[in-house]
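An overview of the molecular structure
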Amino acid sequence: MAARSGEKDPPDPVRQNQLLCERVRKELQCQRLHTQYGLNPLHRVHTITKKPMSWHDNIEEPADAKFLNLIHHAALEPTKKYSEPQTESQEIGWNTTPLIHVDRTDCRLYFPRRRTEITK
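What comes next is a walk through the structure. Just so it is clear, the model here is predicted, and its values are computed rather than measured. Within each chain, residues carry numbers counting from 1 in the order of the written sequence. Only residues with pLDDT of at least 70 get local features here, since the model is predicted, and only at 80 or more are side-chain atom pairs given and counted; chain-wide, interface and lining totals rely on the full set of residues. Side-chain descriptors were evaluated using all non-hydrogen atoms of the structure, hydrogens and water having been removed beforehand.

Attention shifts here to the overall build of the protein chain. By the criteria applied, helices consist of DSSP H or I runs no shorter than four residues and strands consist of E runs no shorter than two, each listed in order from the N terminus. Looking only at helices and strands, one finds four helices and zero strands in the protein chain. Along the chain direction, N to C, the helices and strands of the protein chain fall in the order α-α-α-α. Radius of gyration here uses only the C-alpha atoms, and the compact-globule reference equals 2.2 Å multiplied by the residue count raised to the power 0.38. Relative to the 2.2 N^0.38 estimate, which gives 14 Å for 120 residues, the radius of gyration of the protein chain is 39 Å and therefore markedly larger than a compact globule would have. Throughout, exposure labels follow a simple rule: accessible area from a 1.4 Å probe, protein chains only, divided by the maximum for the residue type, with under 20% read as buried, over 50% as exposed, and the rest as partly exposed. The 120 residues of the protein chain split such that 2% are buried. Here, Shrake-Rupley sampling with a 1.4 Å probe gives the accessible areas, and only protein chains in the shown set may cover a residue. Per element, the accessible surface of the protein chain, about 13,600 Å² overall, is 56% carbon and sulfur. Here the protein chain contributes 19 positively and 16 negatively charged side chains, and the mean placements of these two sets differ by 5 Å. Positive charges come from Lys and Arg, negative ones from Asp and Glu, while His and the chain ends are left out of the count. Lysine's charge is taken at NZ, arginine's at CZ, aspartate's at CG and glutamate's at CD.

Encoded structure:
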């Protein structure tokens with residue numbers, strides 16, 4: 001009869017405990033524990049430039065030899081980095097040494113530019 005008159009029954013402690021347990025179970029299903037963090041590749045990172053006259057930014061640090069070797073190795077052309085071409089595109093022009101020695105006195109293989117009366 002209390003429902004018809006607009007008043008609610010007093011909350012039952014057993015029912016409240018059931019609702020609380022259900023709510024906690026649903027929240028635990030949705031929660032994940034993240035332990036590894038990284039930068040979002042889709043979010044732009046704004047860098048702040050250093051002050052050129054600041055003394056603590058201009059302290060000379062010793063160069064790391066391993067890091068420098070890595071940078072220099074990355075700057076080499078592919079023929080010096082690898083023994084074989086890594087892609088199909090690198091196969092074209094990989095061997096740049098001539099197959100035969102160029103003899104400049106042999107007129108069959110050497111065609112130098114010549115000056116004539118017309119081209120002067």
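The next point concerns the side chain of aspartate 106. Of note, aspartate 106 is situated in the segment after α4 (88-91). Residue aspartate 106 is classed as buried on the basis of its relative accessible area of 16%. Only 3.0 Å separates the side chain of aspartate 106 from the side chain of arginine 108, close enough to count as a polar contact. A 3.5 Å cut-off defines polar contacts: any pair of N or O atoms within that distance qualifies, except that in protein one atom must be a possible hydrogen donor and the other a possible acceptor, and neighbouring residues in sequence count only when both atoms are side-chain atoms.

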